Structure formats: C-alpha cells, structure tokens
Amino acid sequence: VRPSFERFLERVHPDDRPRLERQRHRTAQREPTWTDEYRIVHPDGSVHVIRENGEATIDQDGRLVRLLGIAQDVSESRELQRSVEHRSAFLRSLIDDLPMLIGVRDPAGRLRMVNRPFAQFFGQTVQTIEALGRCPSWTADVAAAMREGDDQVFSTGEELVMEDCEVTAFDGRA
C-alpha cells in the first residue's frame, strides 16, 4: 500500500481534517515547514493527540513532491496537563473561599499563589500579585518581615501562622 495524504486523512479525527487540508495547501504554496497538533483515531476507536513537525519539498514548478517530518503521540502529556489544570482550579476555588489572607511563596520569596481576600486586602488583583511575585503596595519593612518569616519556614520546615502581624490595607485600615 502506497502512503498518501488521502490515506493519512482517513485516520485523522473528522473535526481536524479540514484544518489539516488547509495546512497542506498552505505548505504547498508558501510555508515549507510546519508544526501542528491533531487527533487520530486508531482502529480500536481510541483517539490520540499527535504533535507533528515537518518540512515540504517543492519542485521548481511549485509542486509539492515530498513531505518529511516526525510525529509524536502526546496524548499522555496532554492528559497530565489537563489533570494539573483541573487540580489547580480546584485548589484555587478552595483557597479563594477561605475568609483569611493566604499567600504561598517559593524559596526565593516570590508569591506564587494568593487568594482573593489577600489581593482585595492589599487593593490588588490576584493576577497582578502572582504575575509580579510580590505585593506592589508592601513597604520595604513589610517585605523584610515577610522574608524573615519565609526564611524561618524554609529553614525549619514548620508552618508559620502570623496571627498578630499588623499590616495596613490599601485603604489604610489595619
């Protein structure tokens, strides 16, 4: 059996076929290299996600004469990625519903996750604080105190609950 693009398309998930046909047309006209992901359907009915990198050879008359590339089944890594995203969303929903200020810092002292009450208390958005890795409204003294607490946690491995810490909110309330 001689390989052909048409035989290949028979294995591609029906929803992905039109896009791959358009990609083939673009490749033949002006884009000799490509990277793509698509689904294929195995004879047993299972669906797999494929990542493909390839290069086309075009003859002097502009005709596509050969496609050369590599395809890798990335189904497992996509499933793991979805699982991590689901767990992260679940964790986010849990901490956002707690009525206390929660901030999770890494060993370098960057805030990696904060809850909504934490961000609101400091007049920021969760996205801003997590993108910066710090709270922009903290003074140098507050940041130093936080860092001292972090150092204690990372050196002892024990949790630190700062119940009697006086921090001023963005609107001046303590």
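Shown above is the structure to which this text applies.
Residues numbered from 1 in each chain as written. Predicted model: local features only at pLDDT ≥ 70, side-chain atom pairs only at ≥ 80, totals over all residues. Heavy atoms only, no water.

Undergrad: Tell me what's going on with the overall build of the protein, and back it up with residues and numbers.
TA: Helices and strands together make up the secondary structure of the protein, namely six helices and five strands. Element order for the protein, N to C, with α for helix and β for strand: α-α-β-β-β-α-β-β-α-α-α. The C-alpha radius of gyration computed for the protein amounts to 26 Å, which surpasses the reference 16 Å derived for 174 residues by more than 25%, pointing to a less compact arrangement than a globule. Each principal axis of the C-alpha atoms in the protein carries an extent, and together these give about 75 × 40 × 30 Å. Residue burial in the protein is summarised as follows: out of 174 residues, 27% are buried. (Helix = DSSP H or I, 4+ residues; strand = E, 2+ residues; numbered from the N terminus. Rg over C-alpha atoms; globule rule 2.2 N^0.38 Å. Buried < 20%, exposed > 50% of the residue type's maximum accessible area, 1.4 Å probe, protein only.)

Undergrad: Hey, could you go over the nonpolar core for me, with residue numbers and the actual values?
TA: Listed in full, the 11 residues of the largest apolar core are L111, V114, F118, A119, F121, F122, V126, I129, C135, W138 and M146. Elements that contribute at least two residues to this core include exactly β5 (111-114), α4 (116-121) and α5 (126-132). Here the element with the most residues in this core is α4; it accounts for three residues. Every residue in contact with W138, bar those within four places of it in the chain, is listed here: R105, L111, F118, F122, A143 and M146. In this structure, F5, V12, Y38 and I40 belong to the second largest nonpolar core, which totals seven residues. (Core = buried A, V, L, I, M, F, W, Y, C linked by side-chain atoms within 4.5 Å. Contact = heavy atoms within 4.5 Å.)

Undergrad: Lay out the environment of D151 with the relevant residues and their values.
TA: By the secondary structure assignment, D151 is in helix α6 (residues 140-156). With 74 residues separating them along the chain, D151 and S77 place their C-alpha atoms 35 Å apart.

Undergrad: Mind laying out the sheet that holds strand β2 (residues 47-58), listing which residues take part and the relevant values?
TA: Overall, antiparallel pairing links the three strands, which are arranged β1-β2-β3 in an open sheet. Edge strands, defined here as strands with exactly one partner in the open sheet, are β1 (33-41) and β3 (64-73). When strand polarity is set aside, the average angle formed by the axes of neighbouring strands in this sheet is 30 degrees. With nine bridges joining them, β1 and β2 adopt antiparallel strand pairing. Its bridge partner being in β2, W34 is matched across the sheet by G54. Contacts between helix α3 (residues 75-96) and the sheet are confined to β1, β2 and β3, with β2 contributing the most and set at about 125 degrees to the helix. (Pairing = 2+ DSSP bridges. Axes fitted to C-alpha atoms, helices over the stretch in contact; angles between N-to-C directions.)

Undergrad: How would you summarise α6 if you had to cite specific residues and measurements?
TA: For α6, with 17 residues, the first-to-last C-alpha span of 24 Å sits near the 24 Å given by 1.5 Å per residue. Next to the buried residues of α6 lie β4 (103-105). (Expected span 1.5 Å × (residues − 1).)

Undergrad: Kindly report on α3, identifying the contributing residues and their values.
TA: In an α-helix, one turn spans 3.6 residues, which is why side chains three or four residues apart end up on the same side. An ideal rise of 1.5 Å per residue puts 32 Å on 22 residues; α3 measures up with 31 Å between its terminal C-alpha atoms. Where the residues of α3 are buried, they touch β1, β2, β3, β5, α4 and α5.

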